[in-house]
Amino acid sequence: GVNFDPDLREHRGVLVREVLADSPAERYGLRVGDVILRIDDKRLRQPADLIDTVGDSAPGATLELQVERGATIENISVTIGRQPKGFSTRQRLDD
């Protein structure tokens, strides 16, 4: 559960503007204000890049996120889980 800012003007990544309590994003340590720069070797420019990459990954796959947090760059390994039935990342993004 993460909500992204669709208008990060510098197009340097995807700004995290909300992390839902008790979500995988919270458990992996993502924070409001983080900027996700890359997933594995793919540079992110907009939220759809992140959503598509995660959505195309099989449950159990491990992805490496490169995250800018303040003045530091951190790498966070995440394991993709199963989405709840009826869950749509596109619908959440468009809200």
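Residues numbered from 1 in each chain as written. Predicted model: local features only at pLDDT ≥ 70, side-chain atom pairs only at ≥ 80, totals over all residues. Heavy atoms only, no water.

**Q** What should I look at first to understand the overall build of the protein in this one?
**A** What the protein contains, in helices and strands, is 3 helices and 6 strands. Helices and strands in the protein line up, N terminus first, as β-β-α-β-β-α-β-β-α. By the burial criterion, 34% of the 95 residues in the protein qualify as buried. Look at the contacts in the protein between residues 6 or more apart in sequence, and 39% of them connect residues 24 or more apart. Taken as a whole, the protein presents about 6100 Å² of accessible surface, with 47% of it coming from carbon and sulfur. (Helix = DSSP H or I, 4+ residues; strand = E, 2+ residues; numbered from the N terminus. Buried < 20%, exposed > 50% of the residue type's maximum accessible area, 1.4 Å probe, protein only. Contact = heavy atoms within 4.5 Å. Areas by Shrake-Rupley, 256 points an atom, 1.4 Å probe, with all protein chains shown as cover.)

**Q** Mind showing me how you'd approach the nonpolar core here?
**A** It is characteristic of soluble globular proteins that their nonpolar side chains tend to be buried jointly. Core analysis: the biggest nonpolar cluster contains 15 residues, and Leu30, Ile36, Ile39, Leu44, Leu65, Val67 and Ile76 have the highest contact counts within it. Of all the elements in the fold, those that place two or more residues in this core are strand S2 (14-19), strand S3 (35-39), strand S5 (62-69) and strand S6 (72-79). (Core = buried A, V, L, I, M, F, W, Y, C linked by side-chain atoms within 4.5 Å.)

**Q** Help me out: how do you make sense of the side chain of Thr53 in this one?
**A** Positionally, Thr53 belongs in helix H2 (residues 47-55). Under the relative-accessibility criterion, Thr53 is labelled buried at 15%.

**Q** What is the right way to look at the pattern of salt bridges in this model?
**A** Pairing of side chains with opposite charge becomes possible as their charged atoms draw close. Tallied over the full model, the rule gives 4 salt bridges. In this structure, Glu68 engages Arg12 in a salt bridge whose closest nitrogen and oxygen atoms are separated by 2.3 Å. With Glu68 in strand S5 and Arg12 in the loop between strand S1 (2-5) and S2, the pair connects residues that are 56 residues apart, well separated along the chain. Overall, Arg12 belongs to the partly exposed group, its relative accessible area being 26%. A salt bridge links Arg27 to Asp22; the shortest N-O distance between them is 3.7 Å. Accessibility assignment for this pair places Arg27 and Asp22 in one class, exposed. One network of salt bridges, with partners in common, ties together Asp34, Arg69 and Glu74. (Salt bridge = Lys/Arg side-chain N within 4 Å of Asp/Glu carboxyl O.)

**Q** Sorry if this is basic, but what is going on with the pairing of S6 here?
**A** Each regular strand displays side chains that alternate between the two surfaces of the sheet. Across 8 bridges, S5 lies against S6 in antiparallel orientation. Paired with Glu68 across the two strands is Ile73, which belongs to S6. Linking S5 back to S6 in an antiparallel pair, the connection comprises 2 residues, with Gly70 at a positive phi of about 65 degrees. (Pairing = 2+ DSSP bridges.)

**Q** Help me out: how do you make sense of unusual backbone geometry in this one?
**A** Of all residues except glycine, most have a negative phi; of all peptide bonds, most are trans. Positive phi is not limited to glycine here, since Asp22 has a value of about 60 degrees. With respect to the helices and strands, the residue Asp22 is situated in the loop between S2 and helix H1 (24-27).

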